[in-house]
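# Coordinate analysis (summary)
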Amino acid sequence: MSKYEELSKKIIKNIGGKENIRSLTHCVTRLRFILNDESKANDDVLKNMDGVITVMKSGGQYQVVIGNHVPDVFAEVSDLAGISENQPVGETADNRSVFDKFVDVISGIFQPVLGIMAAAGMLKGFNIMFEATGLYTDTSGAYQLFNAMSDALFMFLPVFLGYTAARKFGLKPMVGLLIGLALCYPSIQLGHLSSAGEPLYTLFTDTLFESPIYLEFFGIPIINMDYTSSVLPVILIVYMASKVQKGLEKVIPDVLKLFVVPLLTVVIAMTVGFLVIGPVATYASNMIAEGVMLVRSFSPILSGALVGFFWQILVIFGLHWGIIPLYVNNIMTLGYDNVMMPFFATTFAQTAVIFAIMLKTKDKQLKALAAPSVISGIFGITEPGIYGITLPRKKPFLISCIASGVAGAYYGYADLREYIFGGMGIFEFPAMINPETKSMADIKTAVIGLIIAVIIAFVLTMVTFKDDEKLVVESSNGLIEKESPSLQKGEVFSPITGEVIELSKVEDAAFSGGLLGKGVGIIPTEGEVVAPFDGTVATIFPTKHAIGLISEEGLEVLIHIGLDTVELDGEGFETFVSQGDEVKKGQKLVDFDSDFIIKKGYSIQTPIIITNSADYLDILPSDKKEISQGERLISAIV
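Residues numbered from 1 in each chain as written. Predicted model: local features only at pLDDT ≥ 70, side-chain atom pairs only at ≥ 80, totals over all residues. Heavy atoms only, no water.

The name given to the protein in an unreviewed UniProt entry is PTS system sucrose-specific EIIBCA component, and the organism recorded there is Vagococcus fessus. Per UniProt, the protein has the following entry under Subcellular location (unreviewed entry): "Cell membrane". Taken verbatim from the UniProt record of the protein, the Function (unreviewed entry) comment is "The phosphoenolpyruvate-dependent sugar phosphotransferase system (sugar PTS), a major carbohydrate active transport system, catalyzes the phosphorylation of incoming sugar substrates concomitantly with their translocation across the cell membrane. This system is involved in sucrose transport." (UniProt positions renumbered as here; feature names shortened; annotations may be inferred.)

## Comments concerning the sheet that holds strand β17 (residues 556-560)
The sheet built from 8 strands is open, its strands ordered β19-β15-β16-β17-β21-β13-β12-β23 with antiparallel pairing. Both edges of this open sheet fall to β19 (582-583) and β23 (626-627), since each of them pairs with a single strand only. (Pairing = 2+ DSSP bridges. Helix = DSSP H or I, 4+ residues; strand = E, 2+ residues; numbered from the N terminus.)

## Remarks on the pattern of salt bridges
Once their charged atoms are close, side chains differing in charge can pair, the charge on each being opposite to the other. Across all of its chains, the model carries 9 salt bridges by this definition. The partner of K172 in a salt bridge is E249, with the nearest N and O atoms 2.8 Å apart. Of this pair, K172 sits in the loop between α7 (157-169) and α8 (173-183) while E249 sits in helix α10 (residues 232-251), placing them 77 residues apart in sequence. Taking relative accessible area as the criterion, K172 reaches 37% and is therefore assigned partly exposed. A salt bridge links D591 to K588; the nearest nitrogen and oxygen atoms lie 3.3 Å apart. (Salt bridge = Lys/Arg side-chain N within 4 Å of Asp/Glu carboxyl O. Buried < 20%, exposed > 50% of the residue type's maximum accessible area, 1.4 Å probe, protein only.)

## Comments concerning the confidence of the model for the protein
In the predicted model, the protein carries a mean pLDDT of 84, and the fraction of residues at 70 or more is 89%. In this model, residues 85-94 is a region of pLDDT below 50 whose contacts with residues beyond four sequence positions or in other chains number 16 contacts. Counted against residues more than four places away or in other chains, residues 469-488, with its pLDDT under 50, gives 39 contacts. (pLDDT = per-residue confidence, 0-100. Contact = heavy atoms within 4.5 Å.)

## Some remarks on the packing of α7 against α10
Following both chains from N to C, one finds α7 and α10 inclined at 35°, their axes separated by 9 Å at the closest point. Considering only the axes of α7 and α10, their crossing is right-handed. Where α7 approaches α10, its residues P158, L161, G162, A165, A166 and F169 are matched on the opposing element by V234, I235, V238, Y239 and S242. Of the residues belonging to the contact of α7 with α10, the class tally is 9 nonpolar, 2 polar and no charged. (Axes fitted to C-alpha atoms, helices over the stretch in contact; angles between N-to-C directions. Left-handed = near helix turned anticlockwise from the far one by under 90°. Nonpolar A, V, L, I, M, F, W, Y, C, P; charged D, E, K, R; others polar.)

Here it is as structure tokens:
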């Protein structure tokens, strides 16, 4: 029996049994239930239960306050009750298709890195352009530095995804980071091993599964691959590690958990990953390459259509590495490649889709992400657009595949060739000049296919794209609307009129250092505090200088009037609500005397903190310098 199993059983029993649970989530300190019938819960029993601090009801949630070990209790309750985190209200199961679940996982993992990915893609594109136009050479210091800045994210993508996937799957983030780093370790990459020496031996010689073996793990052959820039291996390994960690935490004594659990998690997950995922990816890539060659032998048009249509999907799964060796071998032996080249219009089709979305959407955040994605896409870097825009919406991604497939079929028919190892995006055109005849016929072919792909992608997107429909979900007050899942947010409206300052400029280290959460500071010009949203008063300090509130969506806010004003022992403050009161946005909470506080020698800088910031992807303060009560102050992005 695990440490929290008995406590979890008692909690389930006293909230009315697992059949009374509609959904369960948790924040930093609380289990947040939505119950079918709150009257079935035994409030008094739960409040007096060892391991439970108290019980609160807010915004349709039945909250059991546990403390810092809430993740462990949450995991145990979830297992015992057979429920899943963030299960939507009103649903008893996740009925989405496997593909929809996959897309949700991938987009959720990429969401935190989309901004920096778009920035890196733009920098990489501009660096290539400046080198191609002669501003500097590819051996110059400027090129090398910009290349390092822009290429690092893409080369070490498994490191970033290891961290974000760990947060998605409930693995300790530092363990996910280590898994990503291990996958990028130079000495285990196939390219490094193959250039460093001969293999120990070769498995399955002269077959589709022929595999040179450079390393063994206690006598077990390791089939290596190049993991840098890959996506799927790190996600799969982190997912497996999250399950391993969960199991180990149930059996490892608390005194050893700190280092034994991550040690065994990494060793078990990475060993299985290297021994299983490497071979699976390698063999799948080889089978795809053989399939492409087989189809091309009787129909170059069909082969080109398949390469064009599936190229982006192969890249997502890391299976395109089976075709790249064919490309390299063809250029080295034949002097050209025409097998992989039907992929060429793919980046332009994707870019055309994103450009159409940018023109048509009314979503400012989507426009802001689309603009740099278009720029980087022109230079051949489409990851920000795929993972941030088209793949989560599915139909735009499918349109880009269709457009690429049609262009690929044309390239197969016209026998598009590339003669040297090319650049990316628009800078791949020079590689299509025949070095012997100086003919530019292949560039003309490439441009025609590109135009075909762009027109199809742009027109289909303009005709079919609609901004995400708002989701309707149930709240305690009936039905409310929320934005699309990737952009759900909680709003905090200013409780005070005054000058907005960055939290880092608040003259108190606990607040300015973000130790209590993210937020802003306000220097009040009026001595009144009102409710920043509809919600519940969670706590009022006896000295009346600070008040904590919880919104109906679960946003937890601390309003701390002045700095060190606890020393005033309530003088200069008057409260108008009590702990547990439900309040409406704009309702008066506290009056305070700014002149009195300043006269007593205290600052009136007022931090407004989202104390459960870790529950959100990002906390976005308003960019206003002066703000009035009721104006939007902070957005919390889910």
